[in-house]
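For reference, the chains in residue letters:
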Amino acid sequence: MSKLDDRLAELGLTIPDVAKPVAAYIPAVVTGNLVFTSGQLPMVAGTLAATGKVGATVTPEDARGYAATCALNALAAAKSAIGSLDRVTRVVKVVGFVASDPSFTGQPGVINGASELLGEIFGDLGVHARSAVGVTVLPLDSPVEVELILEFA
């Protein structure tokens, strides 16, 4: 097992299989020493974990967990492109989208689910820049979507 696998096991986590794209794109692209993931939904075993708007039919607390699931799916996409997550030298940026009820303004707290998970997994290498954006709707009526930019060696 790799160092990262050991850390994931300590946290009770595993990197899932790469989620199949729902449209015309690939899960991740490498350029130079960066890997860019496509936006990842909270897919679990090929099924969307939830649908709806945060602040209406989805609670912020549940959405936070879905953001963490998205981050794990993004790591799976990155791993498929670079072979091993042990190669990651820095989480550069997290971009999170939250399908929000018009009155909901807690998008940063929702995307903290992804950010904090990356911090738990990568430690200081997981500290990153970030955007948390509220949107009216996401693909498949997902409540959240996350994409990553990772540096690797």
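The following refers to the structure shown. (Residues numbered from 1 in each chain as written. Predicted model: local features only at pLDDT ≥ 70, side-chain atom pairs only at ≥ 80, totals over all residues. Heavy atoms only, no water.)

Time to look at the pattern of salt bridges. Counted according to the given criterion, the structure contains three salt bridges. The residue E116 makes a salt bridge to R64 at a minimum N-O spacing of 2.3 Å. Here R64 lies in helix α2 (residues 60-82) and E116 lies in helix α3 (residues 107-122), a separation of 52 residues in the sequence. What makes R64 partly exposed here is its relative accessible area of 31%. (Salt bridge = Lys/Arg side-chain N within 4 Å of Asp/Glu carboxyl O. Helix = DSSP H or I, 4+ residues; strand = E, 2+ residues; numbered from the N terminus. Buried < 20%, exposed > 50% of the residue type's maximum accessible area, 1.4 Å probe, protein only.)

With that out of the way, let us pick up the nonpolar core. Among the nonpolar cores identified, the biggest contains 39 residues, and L75, V144 and V146 are the most heavily contacted of them. Of all the secondary-structure elements, those providing two or more residues to this core are α1 (3-11), α2, β5 (88-99), α3 and β7 (144-152). Setting aside residues no more than four positions away along its own chain, V144 makes contact with Q40, L41, P42, A63, Y66, A67, C70, F97, V98, V110, I111 and L138. (Core = buried A, V, L, I, M, F, W, Y, C linked by side-chain atoms within 4.5 Å. Contact = heavy atoms within 4.5 Å.)

Right, let's talk about the sheet that holds β5 for a bit. Strand pairing in a sheet takes place through backbone hydrogen bonds and is either antiparallel or parallel in direction. The mixed open sheet is built from five strands, whose spatial order is β1-β2-β7-β5-β6. Every interior strand has two partners, whereas the edge strands, β1 (28-31) and β6 (129-135), have only one. Neighbour to neighbour, the strand axes of the sheet diverge by 15° on average, direction disregarded. Pairing geometry for β1 and strand β2 (residues 34-37), over four bridges, is antiparallel. Bridge pairing links V30 to V35 in β2. Strand contacts of α2: β1, β2, β5 and β7, with the helix running at about 40° to β7, the strand carrying the most contacts. Across the sheet, α3 is in contact with β5, β6 and β7; its angle to β5 comes to roughly 160°. (Pairing = 2+ DSSP bridges. Axes fitted to C-alpha atoms, helices over the stretch in contact; angles between N-to-C directions.)

These results come straight from atomic positions and should not be treated as a statement about function.
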